[in-house]
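Descriptive analysis of the structure
Here are the chains, one letter per residue:
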Amino acid sequence: MLTDKIRVGIIGVGYLGSLHARILSEIKNVHFVGVYDIDLERKNKIASIYKVKAFDSEEELIDNVDAVICAVPTKHHHRVAIKVLNNNKHLFIEKPISETVEQGEEIVNLARQKNLKLMVGHVERFNPAVLASEKFIKEPFYIETLRIAPFNPRGTDVDVIKDLMIHDLDIALNYIKSEPIFVHAVGIPVLTDKIDIASARVEFKNCAVINLTVSRVSLKKVREIRIFQADRYISINLLSKESYMIVKEEDAILPYFLDVDENLEPLKLEVQDFINSILEDRKPKVSGEDGLRALKVAHLIIEDIQKRIEKINVPNKG
Ligand SMILES: NC(=O)c1ccc[n+]([C@@H]2O[C@H](COP(=O)([O-])OP(=O)(O)OC[C@H]3O[C@@H](n4cnc5c(N)ncnc54)[C@H](O)[C@@H]3O)[C@@H](O)[C@H]2O)c1
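Source: prediction; values computed, not measured.

**A look at the overall build of the chain**
A tally of helices and strands in the chain yields 9 helices and 14 strands. At 20 Å, the chain has a C-alpha radius of gyration in line with the 20 Å of a compact globule built from 318 residues. Once the C-alpha set of the chain is aligned to its principal axes, its extents read approximately 60 × 50 × 40 Å. Across the 318 residues in the chain, those meeting the buried criterion constitute 53%. As displayed, the chain has an accessible area near 14900 Å², and 52% of this comes from carbon and sulfur atoms. For the chain, the distance from the average site of its 45 positive side-chain charges to the average site of its 48 negative ones is 1 Å.

**Concerning the pattern of salt bridges**
The full count for this structure, using the stated rule, is 30 salt bridges. Between Arg282 and Glu280 there is a salt bridge, with its nearest N and O atoms 2.8 Å apart. Given a relative accessible area of 28%, Arg282 falls into the partly exposed group. We classify Glu280 as partly exposed; its relative accessible area is 48%. Of the charged contacts, one joins Arg308 and Asp304 as a salt bridge, the two residues approaching to 2.7 Å between their closest N and O atoms. Of this pair, Arg308 and Asp304 both sit in helix 9 (residues 288-311), separated by 4 residues, roughly a single helical turn. On the basis of relative accessibility, which here comes to 28%, the residue Arg308 falls in the partly exposed class.

**Side note on the pairing of strand 11 (residues 222-229)**
Remember that side chains alternate between the two faces of the sheet whenever the strand is regular. Pairing between strand 7 (residues 142-148) and strand 11: 7 bridges, direction antiparallel. Counted as the bridge partner of Ile148 is Val222 from strand 11. As paired elements, strand 11 and strand 12 (residues 232-237) share 6 bridges and run antiparallel to each other. Bridge pairing in strand 12 links Ile227 to Ile234. Following strand 11, the chain reverses through 2 residues before pairing antiparallel with strand 12.

**Structural notes on the site of the ligand**
Inspection of the region around the ligand gives 25 residues, with Tyr15, Asp37, His77, Lys95 and Arg154 positioned closest. One of the side-chain nitrogen or oxygen atoms of Glu94 is found 3.0 Å away from a nitrogen atom of the ligand. One nitrogen or oxygen atom from the side chain of Arg154 is found 2.7 Å from an oxygen atom belonging to the ligand. Relative to its unbound accessible surface of 850 Å², the ligand loses 82% to contact with the protein. Broken down by secondary-structure element, the contributors of at least two residues to the shell around the ligand are helix 1 (15-26) and helix 4 (77-86). When the residues that make up the shell around the ligand are grouped by side-chain class, the tally is 11 nonpolar, 7 polar and 7 charged.

Rules and cut-offs
Residues numbered from 1 in each chain as written. Predicted model: local features only at pLDDT ≥ 70, side-chain atom pairs only at ≥ 80, totals over all residues. Heavy atoms only, no water. Helix = DSSP H or I, 4+ residues; strand = E, 2+ residues; numbered from the N terminus. Rg over C-alpha atoms; globule rule 2.2 N^0.38 Å. Buried < 20%, exposed > 50% of the residue type's maximum accessible area, 1.4 Å probe, protein only. Areas by Shrake-Rupley, 256 points an atom, 1.4 Å probe, with all protein chains shown as cover. Lys, Arg positive; Asp, Glu negative; His and termini not counted. Charge placed at Lys NZ, Arg CZ, Asp CG, Glu CD. Salt bridge = Lys/Arg side-chain N within 4 Å of Asp/Glu carboxyl O. Pairing = 2+ DSSP bridges. Near = heavy atom within 4 Å. Polar contact = N/O pair within 3.5 Å; in protein donor to acceptor, adjacent residues only side chain to side chain. Nonpolar A, V, L, I, M, F, W, Y, C, P; charged D, E, K, R; others polar.

Take a look at the structure:
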């Protein structure tokens, strides 16, 4: 029986796990119990900052909590997720849900079968500029996304589609409730042995289209989404946290700058939503099914890129 404080632990306290640790120490309805990481120094450091237990094993941590935040590298997501869910604990798992679609399906099915909350860390859904635009987005027919970033070795255990493009896929798929029917994509490895830069066009049964461009080998950072629908154009800048709309009203074409609350912290809103989903017994804002849907489209894009890479002379085949 759960009380109004959920006991939570974190497996993997590297870059993102340590941010989750700070959030857990700050939000209400949480008893932050402890952490586990294979890196002893890292584990002890984070445990001592937040005065929580540094567990000796994943099993010991899982035994002592109601819910787990999993922030280990993506290649370990599936193994940790299955262990957490098999022990009947709710799970927040960082994005992407898993490396393969089969693994993602197994995680989603197990959570459903055990009636446990499963949330995937697509944190951009909680970006204040996205939140401010949300209520105006209805049946878009075209979405364009651009996400470029300087090189960072973290995240390169997977290609840039599963590392970065998946954020934009999740946002776009949240608005396009239709099946993808056609994918055309190009991409290439540049600094790693996996795809580092890519561009994809995905068409849906309802005729909507998404055009996504992503790079992790750029000098500057850009994160932008443009949404076109019958009654308006919406532009979202995820980095500067600004959003505006162009709307036609009678004979005038009017720009509206949306009221974005820049003080909102996306990671905090996200973790609070996970905790509330347990307390209120409802689906979290980004469900396991959402994470799996984004991963499935990511894989369609990767497969289309691989087909093309096979035909061109690239030293690293990705
Ligand atoms: N939501 C976002 O915007 C966002 C941003 C960055 C990373 N991520 C995701 O978070 C996850 C972690 O990424 P990161 O950037 O924090 O990586 P990181 O390398 O900084 O941290 C990973 C941590 O996991 C630990 N670890 C590795 N194997 C482990 C195991 N078997 N058991 C326990 N601990 C283990 C490592 O020692 C390290 O401390 C990835 O899935 C990544 O995709 C999400």
